[in-house]
Amino acid sequence: MPRIAKGAIPSPNIWNTPQVYELENRAVDPDGAADAAIRALRPWDGATLLDIGCGTGFHLPIYARHAARVIGVEPHGDLAALARRRCAALPAVQVHAATAQDLPLPDASVDVAVARWAYFFGPGCEPGLRELSRVVRRGGAAFVIDLDAARGAFGRWFQRTVPTYSAGAVEDFWVRHGWQRQPLDLRMAFERRADLEAVLRIEFAPEVAEQAIAETPGLELPYPNVLRWRFY
């Protein structure tokens, strides 16, 4: 089996440095605000939940606390293997090495789909949206959590790293497709300064990362996100 599924969109931060990305996952949203916002709109108790771009499976055990079935999909075969290992003792969790635009699931088989910082970045993700429409049951919902590049220092650092990114074009895309949005004022909180600096270095271009480190005292930083959703 190929190490990376055909059609995968590269994710350099976790693909190249999964150990550092694990530190980022541990640091992001210690208050649980993102999951609380999703559950307020569509609880997943007793549901079949799909995590698109699950990486090493960090969130799969969290979902499995309340969902009846959890399915992780990750295009990077090595990361998918780590996710399977992480969830080996959880019989309700299954992980596939596959892409968002070619989900290995039957029609109308999912109640809640979540993509957290994965694939659904605006124009170009139409194939993945079509797959969501295929696999999410009537009465179900899909959620996309992403960085809000129009807000805060984190957004500014991101736009300096990816100058071709247009927050306005991304917003227009989601509006055209009928998705709703809610700002999420998340934060990152680290135990060690070295971990914070390592995470900033995998998220931004080298010169931008050093500037971000210089502008960030202590062990915490704001992380402005946006939650987008659609009911089916």
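Described in the following lines is the structure provided in the data block. The structure displayed is predicted, hence computed values, not measured ones.

Calculation criteria
- Residues numbered from 1 in each chain as written.
- Predicted model: local features only at pLDDT ≥ 70, side-chain atom pairs only at ≥ 80, totals over all residues.
- Heavy atoms only, no water.
- Core = buried A, V, L, I, M, F, W, Y, C linked by side-chain atoms within 4.5 Å.
- Buried < 20%, exposed > 50% of the residue type's maximum accessible area, 1.4 Å probe, protein only.
- Contact = heavy atoms within 4.5 Å.
- Phe/Tyr/Trp six-rings, centres within 6.5 Å; stacked < 30°, edge-to-face > 60°.
- Helix = DSSP H or I, 4+ residues; strand = E, 2+ residues; numbered from the N terminus.
- Lys NZ or Arg CZ within 6 Å of the ring centre and 35° of its normal.
- Salt bridge = Lys/Arg side-chain N within 4 Å of Asp/Glu carboxyl O.
- Pairing = 2+ DSSP bridges.
- Axes fitted to C-alpha atoms, helices over the stretch in contact; angles between N-to-C directions.
- Left-handed = near helix turned anticlockwise from the far one by under 90°.
- Nonpolar A, V, L, I, M, F, W, Y, C, P; charged D, E, K, R; others polar.

1. So, the nonpolar core
Ranked by size, the top nonpolar core spans 51 residues in total, and within it F154 and M188 carry the most contacts. Residue contacts for M188: discarding those within four places in its chain leaves E24, A27, V28, F154, V199, L219, E220, L221 and Y223. One finds A100, L103, V136 and V170 within the second-largest nonpolar core, a separate group that totals 27 residues.

2. Section: the packing of aromatic side chains
Summed over all chains, the structure comprises 10 aromatic pairs. Ring geometry for W157 and F204: centres 5.8 Å apart, planes at 70 degrees, overall edge-to-face. A residue pair is termed long-range when its members are at least 10 positions apart, and W157 in helix α7 (residues 152-161) and F204 in the loop between α9 (193-203) and α10 (206-215) qualify at 47 residues. Residue classification places W157 among the buried residues on the basis of a relative accessible area of 3%. By relative accessible area, F204 is classed as buried at 5%. Seen in terms of ring centroids, F173 and W174 are 5.3 Å apart; in terms of plane orientation they differ by 90 degrees. Their pairing is edge-to-face. An aromatic cluster of three or more residues is present, and its members are W117, F154, W157, F204 and Y223. Between the NZ or CZ atom of R39 and the centre of the ring of W44, over which it lies, the distance is 4.8 Å. The ring centre of W117 lies 6.0 Å from the NZ or CZ of R116, which sits over that ring.

3. Regarding the pattern of salt bridges
Applying the stated criterion across every chain yields a total of 20 salt bridges. Salt-bridge contacts for R151 lead to D148; the nearest nitrogen and oxygen are separated by 2.9 Å. Its relative accessible area of 25% is what places R151 among the partly exposed residues. One salt bridge connects E210 with R201, and the closest N-O pair in it is separated by 2.8 Å. Looking at E210, the relative accessible area reads 38%, which means it is partly exposed.

4. Overview of the pairing of strand β7 (residues 220-231)
Both strand β5 (residues 136-147) and β7 contribute to a ladder of seven bridges, which runs antiparallel. By the bridge assignment for β7, D146 is matched with V226.

5. Here's the deal with the sheet that holds β7
Ordered by their spatial adjacency, seven strands build an open sheet running β3-β2-β1-β4-β5-β7-β6, and the pairing between neighbours is mixed. Among the strands making up the open sheet, the edge pair consists of β3 (93-96) and β6 (180-189). The average angle at which neighbouring strand axes cross in this sheet is 20 degrees, direction not considered. Taken strand by strand, α7 contacts β5, β6 and β7, and its axis lies near 80 degrees from that of β7.

6. Brief notes about the packing of α9 against α10
Interaxial distance between α9 and α10 falls to 8 Å at its minimum, and their mutual angle equals 145 degrees. The handedness of the crossing between α9 and α10 is right-handed. Here R193, E197, L200 and R201 of α9 come into contact with α10, specifically with A209, E210, A212 and I213. Residues that form the contact of α9 with α10 fall into these classes: four nonpolar, no polar and four charged.

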